[in-house]
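Here is what each chain is made of, one letter per residue.
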There are 2 protein chains.
Amino acid sequence: MGQVRNILFIMCDQLRWDYLSCNGHPHLDTPHIDGLAAKGVNFVNAFVQSPLCGPSRMSYLTGRYVHSHGATWNGVPLSVGQTNIGDFMRPHGLRCALVGKTHMEPDEEGMKRLGVDRMSALGVLTSECGLEPVERDDGLWPDKLVDPNYAYNEYLKSKGYDGDNPWHDWANAAEGPDGEILSGWYLNSNHLPARVKEEDSETPYMTGRAIEFMEEQGDAPFLLHLSYIKPHWPYIVPAPYHDMYGTDQVLPPVRAEAERDNAHPVLAAHMKHTESLNFSMDDVRANVMPAYMGLIKQIDDQMGRLFAWMEQAGRMDDTMIVFTSDHGDYLGDHWLGEKEMLHECSIRVPMIVYDPDPAADSTRGRRDETLVESLDMIPTFLDAFGGLVDKEHLLEGESLLPALRGRQDGALRDAVFAEIDYAFKPARVYAGREPAEARGYMIRTDRWKYLLWEGYRSQLFDLENDPDEFDDLGESADHADIRAELHERLFRWLRTRATRITISEEAVRNRTGGAPKQGIIIGEWSPEETIKGDPDPDYWVE
Amino acid sequence: MGQVRNILFIMCDQLRWDYLSCNGHPHLDTPHIDGLAAKGVNFVNAFVQSPLCGPSRMSYLTGRYVHSHGATWNGVPLSVGQTNIGDFMRPHGLRCALVGKTHMEPDEEGMKRLGVDRMSALGVLTSECGLEPVERDDGLWPDKLVDPNYAYNEYLKSKGYDGDNPWHDWANAAEGPDGEILSGWYLNSNHLPARVKEEDSETPYMTGRAIEFMEEQGDAPFLLHLSYIKPHWPYIVPAPYHDMYGTDQVLPPVRAEAERDNAHPVLAAHMKHTESLNFSMDDVRANVMPAYMGLIKQIDDQMGRLFAWMEQAGRMDDTMIVFTSDHGDYLGDHWLGEKEMLHECSIRVPMIVYDPDPAADSTRGRRDETLVESLDMIPTFLDAFGGLVDKEHLLEGESLLPALRGRQDGALRDAVFAEIDYAFKPARVYAGREPAEARGYMIRTDRWKYLLWEGYRSQLFDLENDPDEFDDLGESADHADIRAELHERLFRWLRTRATRITISEEAVRNRTGGAPKQGIIIGEWSPEETIKGDPDPDYWVE
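Residues numbered from 1 in each chain as written. Chains lettered and ligands numbered in written order. Predicted model: local features only at pLDDT ≥ 70, side-chain atom pairs only at ≥ 80, totals over all residues. Heavy atoms only, no water.

### Regarding the overall build of chain A
Working step 1: For chain A, the helix and strand inventory stands at 19 helices and 17 strands.
Working step 2: Rg of the C-alpha trace for chain A: 25 Å, near the compact-globule value of 24 Å for 542 residues, within the 12% margin.
Working step 3: Projected onto its principal axes, the C-alpha positions of chain A cover 100 × 60 × 50 Å.
Working step 4: Sorting the 542 residues of chain A into buried and exposed places 66% on the buried side.
Working step 5: Relative to all contacts within chain A whose residues are 6 or more apart in sequence, the contacts with residues 24 or more apart total 73%. (Helix = DSSP H or I, 4+ residues; strand = E, 2+ residues; numbered from the N terminus. Rg over C-alpha atoms; globule rule 2.2 N^0.38 Å. Buried < 20%, exposed > 50% of the residue type's maximum accessible area, 1.4 Å probe, protein only. Contact = heavy atoms within 4.5 Å.)

### Concerning helix α18 (residues 480-495) of chain A
Working step 1: The first and last C-alpha atoms of α18 of chain A sit 22 Å apart over 16 residues, in line with the 22 Å expected at 1.5 Å per residue.
Working step 2: Turning to α18 of chain A, its buried residues are Ile482, Arg483, Leu486, His487, Leu490, Phe491, Trp493, Leu494 and Arg495 of chain A. (Expected span 1.5 Å × (residues − 1).)

### With respect to the environment of Ala360 of chain B
All names here are of chain B.
Working step 1: Residue position: Ala360 is located in the loop between β12 (351-354) and β13 (366-373).
Working step 2: Looking at Ala360, the relative accessible area reads 1%, which means it is buried.
Working step 3: Residues Ala360 and Gly406 lie 46 residues apart in sequence; the distance between their C-alpha atoms is 6.9 Å.
Working step 4: With residues near it in sequence (within four places) discarded, Ala360 still touches Asp355, Leu404 and Arg405.

### Quick look at the relation of the copies chain A and chain B
Working step 1: With an axial shift of 0.0 Å and an RMSD of 0.0 Å, the rotation relating chain A to chain B amounts to 180°. In symmetry terms, the pair is related by a two-fold rotation axis. Relative to the rotation axis, the C-alpha of Gly81 of chain A is the closest in chain A, positioned 1.8 Å from it.
Working step 2: The fraction of interface residues of chain A whose copies in chain B are also interface residues reaches 100%, indicating that both copies meet through the same surface. (Least-squares fit on C-alpha atoms with pLDDT ≥ 70 in both.)

### What about the side chain of Arg255 of chain B?
Residues and elements named next belong to chain B.
Working step 1: One can find Arg255 in the loop between β9 (237-238) and α10 (257-261).
Working step 2: Separated by 3.1 Å, the side chain of Arg255 and the backbone oxygen of Ser280 make a polar contact.
Working step 3: Among all residues touching Arg255, those that are not within four sequence positions of it are Phe279, Ser280, Asp282, Gly332, His334, Trp335 and Phe470. (Polar contact = N/O pair within 3.5 Å; in protein donor to acceptor, adjacent residues only side chain to side chain.)

### A word on the pattern of salt bridges
Residue and element names in this part refer to chain B.
Working step 1: A complete count under the given rule lists 90 salt bridges over all chains for this structure.
Working step 2: A salt bridge links Glu340 to Lys425; the nearest nitrogen and oxygen atoms lie 3.2 Å apart. With Glu340 in the loop between β10 (319-325) and α14 (344-347) and Lys425 in the loop between β14 (416-421) and α17 (426-430), this pair connects stretches of sequence that are 85 residues apart. Each member of the pair Glu340 and Lys425 is classed as buried.
Working step 3: For the salt bridge of Asp462 with Arg447, the shortest nitrogen-to-oxygen distance reads 2.9 Å. Taken together, the residues Asp462 in strand β17 (residues 459-462) and Arg447 in the loop between β15 (439-444) and β16 (448-453) connect sequence positions 15 residues apart.
Working step 4: What makes Asp462 buried here is its relative accessible area of 7%. (Salt bridge = Lys/Arg side-chain N within 4 Å of Asp/Glu carboxyl O.)

### Some remarks on the packing of aromatic side chains
Working step 1: Applying the stated criterion to the full structure yields 41 aromatic pairs over all chains.
Working step 2: Summarising the aromatic geometry, the rings of Tyr422 of chain A and Trp453 of chain A are spaced 6.4 Å apart at their centres and angled 70° between planes, so their arrangement reads as edge-to-face. Remark: Trp453 of chain A occurs in strand β16 (residues 448-453) and Tyr422 of chain A occurs in the loop between β14 (416-421) and α17 (426-430); sequence separation between them is 31 residues. Here the two residues Tyr422 of chain A and Trp453 of chain A agree in accessibility, since each one is buried.
Working step 3: Ring pairs connect the aromatic residues Trp141, Tyr150, Tyr152, Tyr155 and Tyr205 of chain A, which therefore count as one cluster.
Working step 4: Stacked on the ring of Trp170 of chain A, the Lys or Arg Arg195 of chain A has its end atom at 3.7 Å from the ring centre.
Working step 5: Taking NZ or CZ as reference, Lys272 of chain B lies 5.5 Å from the ring centre of Tyr430 of chain B, over its face. (Phe/Tyr/Trp six-rings, centres within 6.5 Å; stacked < 30°, edge-to-face > 60°. Lys NZ or Arg CZ within 6 Å of the ring centre and 35° of its normal.)

### Topic: the interface of chain A and chain B
Working step 1: Contacts between the two partners involve 96 residues from chain A, matched on the other side by 96 residues from chain B.
Working step 2: Between chain A and chain B, a total of about 8500 Å² is buried, with carbon and sulfur atoms accounting for 61% of that surface.
Working step 3: The tally of links between chain A and chain B comes to eight salt bridges.
Working step 4: The shortest N-O distance in the salt bridge between Glu454 of chain B and Arg492 of chain A comes to 2.7 Å.
Working step 5: The interface formed by chain A and chain B holds 47 residue pairs in polar contact (both at pLDDT 80 or more) in total.
Working step 6: At the level of secondary structure, the elements contributing two or more residues to the side of chain A that touches chain B comprise α6 (121-127), α12 (274-279), α13 (282-313), α17, β15 (439-444), α18 and α19 (505-511) of chain A.
Working step 7: Here the side of chain A that touches chain B takes seven residues from α18 of chain A, the largest share from any one element. (Buried area = accessible area lost by both parts, 1.4 Å probe.)

### Considering the packing of α18 of chain A against helix α18 (residues 480-495) of chain B
Working step 1: Following both chains from N to C, one finds α18 of chain A and α18 of chain B inclined at 50°, their axes separated by 10 Å at the closest point. Compared by their axis directions, α18 of chain A and α18 of chain B come out oblique. For the pair α18 of chain A and α18 of chain B, the sense of crossing is left-handed. From α18 of chain A, His487, Glu488, Leu490, Phe491, Leu494 and Arg495 of chain A reach across to α18 of chain B, where they touch His487, Glu488, Leu490, Phe491, Leu494 and Arg495 of chain B.
Working step 2: Along the lines of polarity and charge, the residues of the contact of α18 of chain A with α18 of chain B split into six nonpolar, two polar and four charged. (Axes fitted to C-alpha atoms, helices over the stretch in contact; angles between N-to-C directions. Parallel < 35°, antiparallel > 145°, perpendicular 65-115°, else oblique. Left-handed = near helix turned anticlockwise from the far one by under 90°. Nonpolar A, V, L, I, M, F, W, Y, C, P; charged D, E, K, R; others polar.)

### Some thoughts on the side chain of Glu373 of chain A
All names here are of chain A.
Working step 1: In this fold, Glu373 is placed in strand β13 (residues 366-373).
Working step 2: For Glu373, a relative accessible area of 1% gives the class buried.
Working step 3: Within the local environment of Glu373, its side chain forms a polar contact with the side chain of Gln49, the two groups lying 2.8 Å apart.
Working step 4: Here Phe417 takes part through its backbone nitrogen, which lies 2.9 Å from a polar atom of the side chain of Glu373.

### Here we look at the sheet that holds β16 of chain A
All names here are of chain A.
Working step 1: In space, the four strands of this open sheet follow the order β14-β15-β16-β17, with antiparallel pairing throughout. With one partner strand each, in any of the chains shown, β14 and β17 (459-462) form the two edges of the open sheet. Sheet twist, expressed as the average angle between the axes of neighbouring strands with direction ignored, equals 15°.
Working step 2: Both β16 and β17 contribute to a ladder of four bridges, which runs antiparallel. Bridge assignment links Trp448 to a residue of β17, and that residue is Asp462. (Pairing = 2+ DSSP bridges.)

### Structural notes on the pairing of strand β8 (residues 222-231) of chain A
Residues and elements named next belong to chain A.
Working step 1: Taken across its 10 residues, β8 has 10 buried, putting it largely inside the fold.
Working step 2: Both strand β1 (residues 6-13) and β8 contribute to a ladder of six bridges, which runs parallel. Residue pairing in the sheet places Ile10 in a bridge with Leu226 of β8.
Working step 3: As paired strands, strand β3 (residues 95-100) and β8 are joined by six bridges and run parallel to one another. Each residue of the ladder has a partner; that of Gly100, found in β8, is Ser227.

So, in structure tokens, the structure goes:
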């Protein structure tokens, strides 16, 4: 055990916070992830800034709220004006690299405007959130989108898997009784094993790539973002994981009739989506949920493989490890499929942080109820390298290092915030709204969740008395005061966003009242005889 | 008269909206500016987005609110992520150039991060809001800041004005009885003539530079930002303008005892500034105001010279002309000096727009009460070139072209917004606040002005019954409803800022529900037998 020299930032995709045994799942056994929690701190109240891959990941990778970074949906480029995890961490001597998914969309127009060659080293980093793409793989490769040089497909081909798109035909498809290919995109095939051999499927492949990277690094310091594609759909997993869980181990959906009967208009529109209609049927869930659980079980086994390798290589002694997800999954809860709305199952994520430093020994195995946001990652990493100084004009999160090292005084924060821009979804059209009007905002405290929907009534949930979020108090006369309070806090949060990104708070302090020292004399009568402000403006100059 | 081929965007600095004869000043005669108003439209309800040079100008030059562009104070760099007036207008074949002031601070860190060489053509444009700096001159050159190669100083030296800094010693200083130099920075010298000859002072010099530029352009289309430094301090003007107005023509300050006795804490802190204390004394005003008026009179005469040249060169037939200012000046009103707070005298500006197109004939000479914002400039220019298409993800203003051409249906907007970040001022320290907490927001409708001060009570003024803004209704029980309404509108305004800058609204529309067409199948049971959302997602694909 020793000082943090490396960072391994592991992200799953669409992994709900409660689908781990350490977070209380009664049937899913995840001993390796639980083992990391036993060595580190399990932050059980961790939230993403948006319940969708792209915007959530951009918050993780810039340290900023969605309102601040502007990449509000998948495929919305991250402006070249935004600083990224590489900009922050590379100056600390770390090779910053990616294996897996980011969902980053390059700002081609911004790069063109500023003359950044997309193919140069700078252009590549600018296009990848500052991470060297050892392997970039967003894990969604239908035939129409697949890159002919796609590395994982090349790997599969080298192993003898045939066809133009073995990602689809082998890793994400099952086989019918007559040998026909059954696409994993369709939920009716999800109970079957994927055609690929388990060791050649995406999760073990990415783990292998991460180990290769770390091997190659030797003792040279790194930040590796190991970003798994699963348990995101296509919900299909190879044997033996496909039938490791039975339908009797599928938890019933968390939903109430009243939610559908009296749905908020934005939710009602989302309930009309294909995935919501299908996931609201018990037969569909029975077919898919065991695969979702199997995909997680496979990740856990790969964590075992990864941590074992790190142990023998000495990397457990000098590597801070984060295990988290970009958002959750409705899976039929609340009559919804996919994510994108703001219930707990969608915005709450696992967040386990292991700090090898002996200073963290006192907190090992702790279950920490601190409200954590995804944008706390970069501040935590910077803090571990002693570099969390004067970044508050860019970074909107907080360092978790004090919590990890048992020296957090008081609460880190008293509320978390999330946003959704559903302009790109059919729901926006069902609801008859313009793209700029399809926004939702959340403030969530220990007890309350308040949701503001642009153009619609707000919602309120009492998480203490109604943890399942069935009882919308958005129009309850008894709750007008708490709604007003949370509404105002949301406004205040928006008013105080870090939009002044080009100058630090410290520089502001140093310049306050500094004009006279530059010879700029404002409003003085004469050099000899003048009234000056109280105290003298010169007082303010550093 | 003909189609718009060029744009001449004229800005004064610190010119109050009401210090023109066409806007009602009883003593100041500005026939040339009035003449432009007679040929164009005089927008008498025009407001800047911030009452300070830098942030206000960045709104003019990006078309975005301060919250959106982030350059909240003088010297705060404009992020390289922001698009500028040159980016918008150059594609229309215009040479986009600057003569005078912008107060733009380059984002050196952003350029370095993206490998933009500050000295390259791109680096220069990126540093100058996209304007080719034919002459950049911010007009504030105390000895400690002056650039040894400063062009205007070179000009003065070539004319025989001696010393290291003739800007100060001649153009911005008077002479005492024994020939001693009396700095124009000090208000006690402001009744005296500047030492420089009138034709060599800053305003005529800049006018000459603009004419030279247009001469050089010949018939090649241009956008010229001609940006005067005056009537901004140092408040000193050469003969004959220094004593063209007498103290009997100085309007009394607009202030009430009660404003000082019961001042809002943020205003109370600003009243302690040197300039406020001094401008609150009648003797000081009596000494300075004639110079302020003389500086405006000189600008008006230079407008006469400029427009006469344009007339003979044919430029009045093909050039859209805007005459405006970056903010106003308290000049002792409300017990304040300088600008920076949100009273009318500070945030309301002259806004005269001349459109040579015959389509605008029906509105010539019109006094238009439409609520106009500074960020309407770029949309208006784009519209004049037929290019106002799908920019709403970047530009937050509206085109004034329909109003100019008599085809504006209904009100352009029903409120204007402004912001101030007073973190850099001693007032922030008097008030004991952190840099991130020193923010004020304004919403102003035809009748009401509501001011939200972070951490303090809000203010409300009824402009219909209290045009002087003496009676703060911020705590009036009778006005709780209107305060609540405006508070919520301010929140809504902030929620709907154009922060998603990398993708257009049109692109969002085109992509809405488009995943299935890319082969991404979400939540369907099987190819043959599936429940699809209503209507079918494919419906949404373009």
